[in-house]
Amino acid sequence: MSPNAPKTPARQIRIGDTWYDFDAGAKAMDTERAAVIRELIDWYIREPGAKLPARPDREVIESAREARTMKVVSE
C-alpha cells in the first residue's frame, strides 16, 4: 500500500454549487469539508459525545458566493 493511501474508501455524493461555499466555510473554520461531514454524521447517528461542528459567519459564505459569481461572469 502506498504511503498516501487513505484509510477509508472514498464515497460519492452529488452536491450543487453550494459545495464551493461549504469549502470556503470549512477553510474559514480552519478545517476541511471531510472533517465537517464526519462530525455531522457522528452527530446525526448519535455517537456518544458527538456535537454539531461550529459554523462560519454568514458573511464568509456570501463573500465566497459573490467571488464565484464574479468569476463566472468575467469568463
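Note that the structure is a prediction, hence the values are computed from the model and not measured.

Rules used in this analysis
- Residues numbered from 1 in each chain as written.
- Predicted model: local features only at pLDDT ≥ 70, side-chain atom pairs only at ≥ 80, totals over all residues.
- Heavy atoms only, no water.
- Salt bridge = Lys/Arg side-chain N within 4 Å of Asp/Glu carboxyl O.
- Helix = DSSP H or I, 4+ residues; strand = E, 2+ residues; numbered from the N terminus.
- Buried < 20%, exposed > 50% of the residue type's maximum accessible area, 1.4 Å probe, protein only.
- pLDDT = per-residue confidence, 0-100.
- Polar contact = N/O pair within 3.5 Å; in protein donor to acceptor, adjacent residues only side chain to side chain.
- Contact = heavy atoms within 4.5 Å.

Caption draft 1: Geometry of the pattern of salt bridges. Summed over all chains, the structure comprises five salt bridges. Across the pair Arg68 and Asp21 runs a salt bridge whose closest N-O atoms are separated by 2.4 Å. Taken together, the residues Arg68 in helix α3 (residues 58-74) and Asp21 in helix α1 (residues 18-28) connect sequence positions 47 residues apart. For Arg68, a relative accessible area of 22% translates into the label partly exposed. For Asp21, a relative accessible area of 3% gives the class buried. Among the salt bridges present, the one from Asp23 reaches Arg33, with a minimum N-O distance of 3.6 Å. Of this pair, Asp23 sits in helix α1 while Arg33 sits in helix α2 (residues 33-44), and the two are ten residues apart along the sequence. Classification of Arg33 by relative accessible area gives partly exposed; the value is 22%. Three or more residues are tied together by salt bridges with common partners; here these are Asp21, Arg65 and Arg68.

Caption draft 2: Spotlight on the confidence of the model for the protein. Looking at the protein, pLDDT values average 91 and 95% of them are 70 or higher. Averaged pLDDT values over the elements of the protein bottom out at 88 in α3 and peak at 97 in α2.

Caption draft 3: Summary view of the side chain of Asp21. Here Arg65 takes part through its side chain, which lies 2.7 Å from a polar atom of the side chain of Asp21. One polar contact links Asp21 to Arg68, side chain to side chain, over a distance of 2.4 Å. Residues in contact with Asp21, not counting those within four places in the same chain, are Ile61, Ala64, Arg65 and Arg68.

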